Amino acid sequence: MLYWRSPWSRPRGRFGTAAIATFVAWILWRVVLQLSNGENLDVDNPLLLGLSAQDVGSGVLAFLLTAAPMGMVTERDEPAHRVVATAAIAAALAIVIDRFI
C-alpha cells in the first residue's frame, strides 16, 4: 500500500531494497539467536504490548541494516528523514511479523 501512496518509493526500488535488507536482518537475527542459544529472549512482556526482546531485536537489526546501506550507498543524496522513515517502516514490519511467527 505504501508503494502506491508514496511516489518517493517507486524510483530505484527503494522499498525493494528495504524489503531485502529486512529479510536479511531477520535471518541474521535468527542465526545469532540459534548460535547463542537465546531461546530465553522469546518471553512476551505484557508492558510492551506482548513483545519480547527477540521481537524488538528483529526490529532494531532491520532498522540498522535498512538505514545503513540506504543512507550510505543507494540514497546518499536524499534527505535523511526519508531514509529514516523507510527504515522505521521496515523495523515496524519486522517487529509485527516476528511477533506473530
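Refer to the structure presented above.
Criteria and thresholds
- Residues numbered from 1 in each chain as written.
- Predicted model: local features only at pLDDT ≥ 70, side-chain atom pairs only at ≥ 80, totals over all residues.
- Heavy atoms only, no water.
- Salt bridge = Lys/Arg side-chain N within 4 Å of Asp/Glu carboxyl O.
- Buried < 20%, exposed > 50% of the residue type's maximum accessible area, 1.4 Å probe, protein only.
- Core = buried A, V, L, I, M, F, W, Y, C linked by side-chain atoms within 4.5 Å.
- Helix = DSSP H or I, 4+ residues; strand = E, 2+ residues; numbered from the N terminus.
- Axes fitted to C-alpha atoms, helices over the stretch in contact; angles between N-to-C directions.
- Parallel < 35°, antiparallel > 145°, perpendicular 65-115°, else oblique.
- Left-handed = near helix turned anticlockwise from the far one by under 90°.
- Contact = heavy atoms within 4.5 Å.
- Nonpolar A, V, L, I, M, F, W, Y, C, P; charged D, E, K, R; others polar.

## Regarding the pattern of salt bridges
Part 1 of the argument: Under the defined criterion, the tally for this structure stands at one salt bridge.
Part 2 of the argument: Between Arg82 and Glu78 there is a salt bridge; the shortest N-O distance is 3.7 Å.
Part 3 of the argument: When its relative accessible area of 35% is taken as the criterion, Arg82 is described as partly exposed.

## Describing the nonpolar core
As a rule of thumb, nonpolar side chains are buried together in soluble globular proteins.
Part 1 of the argument: If you look at the biggest cluster of nonpolar residues, it comprises six residues: Ala25, Trp29, Leu33, Leu61, Ala62 and Ala94.
Part 2 of the argument: Elements that contribute at least two residues to this core include exactly helix H2 (14–35) and helix H3 (53–74).

## Re the packing of H3 against helix H4 (residues 80–100)
Part 1 of the argument: Across the interface, H3 lies against H4 with an axial gap of 8 Å and an inter-helix angle of 150°. Taken together, the axes of H3 and H4 are roughly antiparallel relative to one another. Once H3 is placed against H4, the crossing between them reads as right-handed. Only Val83, Val84, Thr86, Ala87, Ala88, Ala90, Ala91, Ala94, Ile95, Asp98 and Arg99 of H4 make contact with H3, whose side of the interface consists of Gln54, Asp55, Val56, Ser58, Gly59, Ala62, Phe63, Thr66, Ala67, Met70 and Gly71.
Part 2 of the argument: Taken together, the residues of the contact of H3 with H4 sort by class into 13 nonpolar, six polar and three charged.

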